[in-house]
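# Topology and contacts: notes
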Amino acid sequence: MKVCKFGGTSMANSATITQVADIVRADSERRYVVVSAPGKRTSADIKVTDALYACHRERAEKGSCKEAFAVIRKRFLDIEKELGIDISVASELDAIEKAIDAGASADYTASRGEYLSARVLAALLGYEFVDTASLIKFDKDGALLLDLSLDNIRDRLASVDRAVLPGFYGTDNENEIKTFSRGGSDISGAIVARAMSASVYENWTDVDGFLTADPRIVKDPDIISCLSYKELRELAYMGAEVLHPESVFPVRTAGIPINIKNTFNPSAAGTMIVPDGKVPAAGGKVITGIAGRKGFTIINIEKDMMNREIGFGRKALSILEYEGISFEHMPSGIDTLSLVIRDEYLGPHAQKVVASLRAALNADNIDIHSGLSLIATVGHNMASRHGTAATIFAALAASNINIRMIDQGSSEMNIIVGVDTFDYEKAICAIYHAFK
């Protein structure tokens with residue numbers, strides 16, 4: 001039995017939804033389907049989720065979401081008409097608009113795209129619609145209650161042979177709608193796959209699979225045929241946007257493979273994501289992929305005999321904790337410690353954080369360097385291959401790129417370098433071609 005998740009581009013309009021239905025019907029093993037809200041139909045279009053957030057903002061500013069909601073209304077009325085189905089979408093839309101105008105939360109508002117999308121596909125397929133609102137549960141702090149969610153789904157679907165479920169949301173301990181972060185329908189699909197002990201979790205999108213590098217930067221990068229859960233986490237976290245980085249957790253424990261497939265090229269094999277010990281031999285291939293993110297700041301701290309000062313690192317991190325700021329990396333030396341932080345987290349707090357660090361640490365020098373980008377080179381074969389780091393550093397040196405930071409995890413599966421953002425694209429190309 002397979003669980004399938006279809007993303008926003010797959011659900012964008014009546015033509016793509018028809019294609020989704022054809023894919024589901026083509027394999028009798030595809031019994032449970034999770035969907036996202038409709039995405040962009042063209043590059044100039046707006047995603048339904050973004051349009052719904054606009055409705056919430058308009059209501060807050062003007063007391064009504066009528067103008068913004070007209071976009072949602074037309075989108076779903078057109079889909080219903082073009083597909084020739086009848087789900088009373090007009091009355092559903094009336095109820096949703098009324099709820100938003102009455103002060104519904106942003107999470108409720110944003111979730112209605114997935115809700116209506118699932119209603120549409122269920123009607124087209126003749127499958128049962130099963131709302132995840134009562135199945136996927138969060139605690140009072142918004143953390144997923146995985147075991148409870150799994151039990152709820154198993155109980156609900158035990159007597160349902162085929163169903164369509166909305167992704168992206170569930171409810172909290174007060175039964176209020178709560179959403180995952182953007183792209184969270186991937187997580188919903190993984191939870192359903194785990195609950196139902198699927199043989200494979202198919203994640204359908206608009207590309208043939210994971211690519212070894214960003215095609216906007218590297219021309220015609222290779223498709224990764226197979227990678228491990230850990231490699232997926234590293235690449236997704238560092239910016240490879242095919243799959244939500246948290247979607248691996250529900251299926252990893254059960255060893256359920258993920259198959260990334262292309263709705264618009266269903267015959268393509270796609271990318272298989274498998275348990276860490278089951279990746280086939282790479283035939284001499286050293287790295288799996290390269291990914292990166294822009295928008296980081298590095299705070300460099302210097303103090304003589306830092307290594308002898310008990311609690312030095314704790315003091316530095318406690319300041320970030322007090323300000324509610326998380327850090328990404330913390331490379332260190334005997335007398336140096338660096339904190340790498342996302343700009344979006346540090347933002348206006350930068351000078352206050354530096355001042356607090358000076359006061360708490362009595363450091364010899366603290367400086368801050370913004371405009372940093374991080375690039376991760378990932379591969380499960382890197383640990384057994386001599387000279388991987390040397391290849392990366394030589395490639396960057398040959399391209400006259402200065403390395404601001406180096407970090408490598410204990411698994412030796414990932415080497416991260418920090419470069420100035422103006423060198424970001426050039427650095428990715430240099431590393432890619434060094435291994436290509």
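Residues numbered from 1 in each chain as written. Predicted model: local features only at pLDDT ≥ 70, side-chain atom pairs only at ≥ 80, totals over all residues. Heavy atoms only, no water.

## Examining the overall build of the protein chain
What counts, and what does not: Counting from the N terminus, the helices are the DSSP runs of H or I reaching at least four residues and the strands are the DSSP runs of E reaching at least two. Throughout, the radius of gyration refers to the C-alpha atoms, and the reference size of a globule is 2.2 Å times the residue count to the power 0.38. Note on exposure labels: buried denotes an accessible area under 20% of the residue type's maximum, exposed denotes more than 50%, and partly exposed covers the range between, all computed with a 1.4 Å probe on protein chains only. Residue contacts are defined here by distance: any two heavy atoms, one from each residue, within 4.5 Å place the two residues in contact. In this description, accessible areas are obtained by the Shrake-Rupley approach with a 1.4 Å probe, and a residue is regarded as covered only by the protein chains that are shown. Positive: Lys, Arg. Negative: Asp, Glu. His and the chain ends are not part of the count. The atoms used to mark charge sites are NZ of Lys, CZ of Arg, CG of Asp and CD of Glu.
The secondary structure content of the protein chain amounts to 14 helices and 15 strands. Scaling as 2.2 N^0.38, a compact globule of 436 residues should have a C-alpha radius of gyration of about 22 Å, and the protein chain matches this with 24 Å. For the protein chain, the spread of C-alpha atoms along the principal axes amounts to about 70 × 55 × 40 Å. Taken over 436 residues, the protein chain has a buried fraction of 51%. Expressed as a percentage of contacts within the protein chain between residues at least 6 apart in sequence, the contacts between residues at least 24 apart total 74%. Split by element, the accessible area of the protein chain, about 19300 Å² in all, is 49% carbon and sulfur. Taken as two groups, the 48 positive and 57 negative side-chain charges of the protein chain have centres that lie 2 Å from each other.

## Examining a negative patch on the surface
Selection criterion: For patches, a residue must show more than 30% relative accessible area and have no salt bridge; joins then use 9 Å for like charges and 5 Å for nonpolar side chains, namely Val, Leu, Ile, Met, Phe, Trp and Tyr. We define a salt bridge as a side-chain nitrogen of Lys or Arg found within 4 Å of a carboxyl oxygen belonging to Asp or Glu.
A cluster of acidic residues, Glu 302, Asp 304, Asp 364 and Asp 367, forms a negative patch at the surface. Here Asp 367 lies in strand β13 (residues 365-378). Relative accessible area serves as the criterion here: at 31%, Asp 367 is assigned to the partly exposed category.

## What to know about the packing of aromatic side chains
Selection criterion: Only Phe, Tyr and Trp rings take part, Trp by its six-membered ring, and two of them pair if their centres are within 6.5 Å. Stacked means planes under 30 degrees apart, edge-to-face means over 60, and tilted covers everything else. In this scheme, Lys NZ or Arg CZ marks a charge over a ring once it lies within 6 Å of the ring centre and within 35 degrees of the ring normal.
In this structure the tally under the stated criterion is 3 aromatic pairs. With a centroid separation of 5.6 Å and an interplanar angle of 20 degrees, the aromatic rings of Phe 6 and Trp 204 are classed as stacked. Placement of the pair is Phe 6 in strand β1 (residues 2-6) and Trp 204 in strand β7 (residues 200-205), with a sequence separation of 198 residues. A residue is classified by how much of its surface remains accessible, and Phe 6, at 0% relative accessible area, is buried. The ring of Tyr 115 has Arg 112 lying over it, and the distance from NZ or CZ to the ring centre is 4.6 Å. Over the face of the ring belonging to Phe 129 we find Arg 119, whose NZ or CZ atom lies 5.7 Å from the ring centre.

## Some details on unusual backbone geometry
If you check the backbone angles, Ser 88 has positive phi at about 55 degrees while not being a glycine. Assignment of secondary structure puts Ser 88 in the loop between α3 (66-83) and α4 (89-101). We note that Asp 220 has phi near 50 degrees; this positive angle belongs to a residue other than glycine. Relative to the elements of secondary structure, Asp 220 occurs in the loop between β7 and β8 (226-228).

## Section: the nonpolar core
Formally: Definition used in this section: a nonpolar core is a set of buried Ala, Val, Leu, Ile, Met, Phe, Trp, Tyr and Cys residues joined via side-chain atoms within 4.5 Å.
Core analysis: the largest hydrophobic core is formed by 54 residues, its most contacted members being Ile 153, Leu 157, Val 192, Phe 210, Leu 232 and Ile 273. Examining the composition of this core, we find that 6 residues originate from one element, helix α7 (residues 185-195), more than from any other. Not counting the four nearest positions on each side in its chain, Ile 153 is found in contact with Leu 135, Ile 136, Ile 191, Val 192, Ala 195 and Met 196. Listed in part, the 44 residues of the second largest apolar core include Cys 4, Val 120, Leu 121 and Ala 133.

## Side note on the sheet that holds strand β9 (residues 258-262)
This is how the line gets drawn: Whether two strands pair comes down to DSSP finding at least two bridges between them. For helices, the fitted axis covers only the stretch in contact; all axes are lines through C-alpha atoms, and the angles between them, taken along N-to-C directions, range from 0 to 180 degrees.
As summarised here, the arrangement of the 8 strands in space is β3-β4-β2-β1-β7-β9-β10-β8, forming an open sheet in which the pairing is mixed. Strands at the two margins of the open sheet, each flanked by one partner only, are β3 (128-129) and β8. Two elements, β7 and β9, share 5 bridges in a ladder whose sense is parallel. Pairing of Thr 205 across the sheet is with Asn 262, part of β9. Sheet strands touched by helix α8 (residues 229-237): β8, β9 and β10 (271-274). Its angle to β8, the strand with the most contacts, is close to 90 degrees.

## Quick word on the sheet that holds strand β14 (residues 403-408)
Taking strand neighbours across the sheet as the criterion, the 5 strands line up as β12-β11-β13-β15-β14 in an open arrangement whose pairing is antiparallel. What marks the edges here is a single partner per strand, and that holds for β12 (336-342) and β14. Neighbouring strand axes in the sheet, compared pairwise and without regard to direction, differ in orientation by 35 degrees on average. Of the pairings in the sheet, the one linking β14 to strand β15 (residues 414-420) comprises 5 bridges and is antiparallel in character. Looking at the pairing, Gln 408 lines up with Ile 415 of β15. Strands β11 (289-302) and β12 of the sheet are contacted by helix α10 (residues 312-322), whose axis makes an angle of about 20 degrees with β12. Across the sheet, helix α13 (residues 388-398) touches β13, β14 and β15, and the angle it forms with β15 is around 15 degrees.

## Here we look at the UniProt feature "binding site: substrate" (unreviewed entry) in the protein chain
Which entries qualify depends on this criterion: UniProt positions are given in the numbering used here, feature names are shortened, and annotations may be inferred rather than shown by experiment. Here a polar contact means two N or O atoms within 3.5 Å. Within protein one must be a hydrogen donor candidate and the other an acceptor candidate, and residues neighboring in sequence count only if both atoms are side-chain atoms.
In the numbering used here, UniProt assigns the "binding site: substrate" (unreviewed entry) feature to Thr 49 and Glu 114. On the basis of their most widely separated C-alpha atoms, the annotated residues across 66 residues gather in one place, lying no more than 8.4 Å apart. In this structure, Thr 49 sits in helix α2 (residues 48-62). If we ignore the near neighbours within four places in the chain, the residues touching Thr 49 are Ala 37, Ala 110, Glu 114, Phe 168 and Arg 182. Glu 114 has contacts with Val 35, Ser 36, Ala 37, Thr 49, Pro 166, Gly 167, Phe 168, Tyr 169 and Ser 185, leaving out every residue within four places of it along the chain. At 3.0 Å, the side chain of Glu 114 forms a polar contact with the backbone nitrogen of Ala 37.

## Let's talk about the pattern of salt bridges
As enumerated under the stated definition, the model contains 27 salt bridges in all. Through salt bridges that share partners, Lys 2, Asp 27, Arg 30 and Glu 202 make up one connected network.

## Some thoughts on the confidence of the model for the protein chain
Caution is warranted with low-pLDDT regions, since their predicted coordinates should not be read in detail. Here is the rule: The predictor's confidence in any single residue is recorded as pLDDT, a number from 0 to 100.
Looking at the protein chain as a whole, its pLDDT mean stands at 90, while 97% of the residues score no less than 70. For the protein chain, per-element mean pLDDT is lowest for α8, which scores 81, and highest for strand β4 (residues 163-166), which scores 98.

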